[in-house]
Amino acid sequence: MSNSEDISSNAYLKQRLLELTAENEQYKEIIDKLPIHIYWKGRDGLYLGCNELQAKSLGLKSAGDIVGKKSEEIHDEQAATIISKNDEKVFNQKHPITVEESCVDSDSHVQTYISSKTPLLDENGEVRGLLGASTNISKQKELEKELKLMKTQLEANEKLNREYSAQLHKLITGQVLPKNASISFCIDETLEFLENIIAKIPGHVYWFDKNNVFLGCNDEQARSAGMDSRKDIIGKTYFDMPWKETAQEHIDYNNIVMKTRKTHTQEEIALIDGVNRTFLSKKSPLYDKRGEVVGVLGVSMDITPQKQLEQMTTKAETLKLIAASMAHELRTPLRAIQLAASGINEDVAILIDSYKADKEARGNSPEFCEVDLNTLEKLCEITESETRAAFNVIDMMLVKTDPDELKKSKPSLYSIAKCLDKVISRYPFEDSEKSFVKIDCSQDFDFYGGENAITHVFFNLLKNAIYAVRSVSKGGITIKTELGEKYNKVYFRDTGAGIAPDVLPRIFDQFYTQTNHGTGVGLAFCKLVMEDMGGGIDCSSVEGEYTEFTLAFPIVE
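About the cut-offs
Residues numbered from 1 in each chain as written. Predicted model: local features only at pLDDT ≥ 70, side-chain atom pairs only at ≥ 80, totals over all residues. Heavy atoms only, no water. Helix = DSSP H or I, 4+ residues; strand = E, 2+ residues; numbered from the N terminus. Buried < 20%, exposed > 50% of the residue type's maximum accessible area, 1.4 Å probe, protein only. Contact = heavy atoms within 4.5 Å. Areas by Shrake-Rupley, 256 points an atom, 1.4 Å probe, with all protein chains shown as cover. Salt bridge = Lys/Arg side-chain N within 4 Å of Asp/Glu carboxyl O. Pairing = 2+ DSSP bridges. Axes fitted to C-alpha atoms, helices over the stretch in contact; angles between N-to-C directions. 1 Å grid on protein atoms, 1.4 Å probe; cavity = no way out; pocket = protein on both sides within 12 Å on 5 of 7 lines; lining within 4 Å. Points joined across faces, edges and corners; volume = space filled by probe spheres on them. Nonpolar A, V, L, I, M, F, W, Y, C, P; charged D, E, K, R; others polar.

Enquirer: Describe the overall build of the chain, with residues and values.
Expert: For the chain, the count of helices and strands is 13 helices and 17 strands. Out of the 557 residues belonging to the chain, those deemed buried represent 34%. Of all intrachain contacts in the chain linking residues separated by at least 6 positions in sequence, the fraction that spans at least 24 positions is 52%. Approximately 34,500 Å² of the chain is accessible, and the part contributed by carbon and sulfur atoms is 54%.

Encoded structure:
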C-alpha cells in the first residue's frame, strides 16, 4: 500500500472516529436528559454506566462514578438484595421483567421505582449484561397510600353514617331497615315517612314564601283545592284557588303575620266543593337560619259543623224562650175558657132539663129546635175538647223546643187504630184535602207510649204529605198499619213531589227545612218521639214520584 493510500485510510478512520465520538456524545446527552433512570450492568452484576439522573439520585458526582460498582456499594442492604435477585432473574430467564423496587436516596428518603430490566445478549445469544430503566413512582405510591387510607376512612365513615341513618330512621319511624341499607335509602325512607305524616295531618296544612306563593301543603288542603296531588299546589297563589274571591283577605292576613312576626288566629271563609265553609286558621311566620321571616305556615280546621251547631243552639234557645213565653201567655186565657166552658156545660144541662120540665108543665113554652138543643149541648163539649187539644199543642210545642219535656209525660198502652182515627177526625183539613187520604188499620196493634206525642207525630207527617201533594196538584196519601215479628209498623206514603237525593239524608236534622212553611223541628221531633218509645222512623223517596215514612213500634208482649 502506498503512503498516499495510508494517509487517506488514516484520514477516513480519524473522520469516522470523530463521527462516532460525536454520535456517542449525542446519545449520551440524550440518555442523560431522559426523565427516567437509565443504567446498564455486566453479567457479573457490576455497573457499566448510567445517566445523570441515576447518578444524582444515588448521590454520585457524575455518571462515571458508578462504573465498576456493585449494588451493595451504592444501596442499602435490603434494597441491594432485592435488586440483585431481580438482576439474576433477568440473567437466568433471558427475557425482560418489570418489577417494583425501593431504595434510600442521597437525602435518606425511601424512593419507590417501577423498573423494567432487559437482558443484553452477545452474538451467540448469551447474556452479557442487562439494561435497566426505572421510573420514580414514590409520589404515586404516597398518593395511592393516601387514597387507600382515605378509602378506608370513607368506608368506615359510610358505615357509621349508614348505622346513624338507620338508627335515626328507627328513632323517627319506629321501623327497622335492612342491615346493609344504603344511606340514600335510609334518608329516602325517613323523608317519605315524614312527608306522609305531613300529608296525613288532620285539617289543612300549607306554607307560603314571602310573596304568598304556595310552597307545599298536606293531602286535605290539596283535595279542598281540587288538586290530584299536594305537589300540584307548589307555585300557585290564592288567586288560583277555588276561594279566589276572598284571596286578597287571605293575603292581607298572611302579610300581617309576617310583619308582626307573631302567630295569629282568626276565622276565614273558603269555597270548598261549591259551599262556603268556615275555618279556624292559625298562621305563624317561617324563619330562615338567620332569623329572617321567609314565609308563613298555616293550619286551618274546618269548624263549619261547630258553627252550624252554635247557630242551631242559639236558634233552639230562642225558640225555647219564645215557646215558653207563648205557653205562659196562652195557658191563662185557655184555662179561663176551659172553666167557662165547663160551667156553661153544667148550666146548659140545667137549662135544657128546666125547659123540658116547663114544657111538660105548661105546654106553652117557646119552642126550641131539637137541632139547636143538640148544637148547644155539643158546643160546650167541643169547646172543652178543643181547649184540652190546645193545651196538648202547647205541651207539644214545649217538647219540640225542649226535648226534656218529653220525659215528663207518663206512657200508657194505646191502640194505633184509635190513635189514627182520632188524628183524622181532629186534623183541620181544608176543602177536599180529606178526600185524598186513605187509611187501612185492619192490622191493629197496641203500643206503649204517649198518645198526645204520637198524635202530634202523625199531625206532622200528615201536614207535610198534604203540602207535597198540593205542591204538584196530584197524588194521594195512604196510611197503613202492619204487624211484624220484631216491630209493628205504620207506613205513611204520599205520591206527591218527593224529596231530592241530596236533601233526603238531612230531613231529620234539627232546624233543617226546604219549605217556606216550616221551622225544621217537625221531623226532628218525630224522630225524637219514636226513638224515645224504643222504635224508629225512616224515610224513602224518589223525587217526583213518592215519599214514604216507616214508623217502627216495639211489640208489646
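Enquirer: Help me get a handle on the pattern of salt bridges, residues and values and all.
Expert: Counting across every chain of the model gives 14 salt bridges. A salt bridge links Lys-200 to Asp-219, with the nearest nitrogen and oxygen atoms 3.0 Å apart. Pair noted here: Lys-200 is in helix 6 (residues 183–200) and Asp-219 is in helix 7 (residues 219–224), with a separation of 19 residues, a long-range link. Here Lys-200 falls in the exposed class, since its relative accessible area comes to 59%. A salt bridge links Glu-433 to Arg-470, with the nearest nitrogen and oxygen atoms 3.5 Å apart. Taken together, the positions of Glu-433 in the loop between helix 11 (416–426) and strand 12 (437–440) and Arg-470 in helix 12 (residues 451–472) put the pair 37 residues apart, joining distant regions of the chain. The partly exposed category is assigned to Arg-470, whose relative accessible area is 39%. Ionic contacts of the salt-bridge type, sharing partners, join the residues Lys-41, Asp-87, Glu-101 and Lys-117 into one network.

Enquirer: Go over the sheet that holds strand 16 (residues 536–542) with me, naming the residues and quoting the values.
Expert: Pairing is mixed in the open sheet, where 5 strands are placed in the order 12-14-15-17-16. Two strands in the sheet have a free side with no partner beyond their single neighbour: strand 12 and strand 16. For this sheet, the mean angle separating the axes of adjacent strands, direction not counted, is 15°. In terms of strand pairing, strand 16 meets strand 17 (residues 546–554) through 7 bridges, oriented antiparallel. Residue Cys-539 lies in a different strand from strand 17, and its bridge partner there is Phe-549. Helix 11 contacts strand 12, strand 14 (477–482), strand 15 (487–494) and strand 17 of the sheet and is inclined by roughly 165° relative to strand 14.

Enquirer: Please give an account of empty space enclosed by the protein that cites residues and values.
Expert: Using the criterion set out here, one finds 3 cavities of 30 Å³ or more in the structure. Within this model, the largest cavity holds a volume of roughly 150 Å³. Forming the walls of the largest cavity are 15 residues, and the residues nearest its centre are Gln-54, His-75, Ile-83, Tyr-113 and Ser-134. Among the elements of the structure, strand 1 (37–42), helix 2 (52–57), strand 3 (97–104) and strand 4 (110–121) are those that each provide at least two residues to the lining of the largest cavity. The computed volume of the second largest cavity comes to approximately 120 Å³. Forming the boundary of the second largest cavity are 13 residues, of which Tyr-206, Gln-221, Trp-243, Ala-270 and Ser-300 lie nearest the centre. Of all the secondary-structure elements, those providing two or more residues to the lining of the second largest cavity are strand 6 (204–209), helix 7, strand 8 (264–272) and strand 9 (275–287). In terms of residue count, the dominant contributor to the lining of the second largest cavity is strand 8 (3 residues). The residue inventory of the lining of the second largest cavity, partitioned by class, reads 6 nonpolar, 6 polar and 1 charged.

Treat this as a map of the structure, not an account of what it does.
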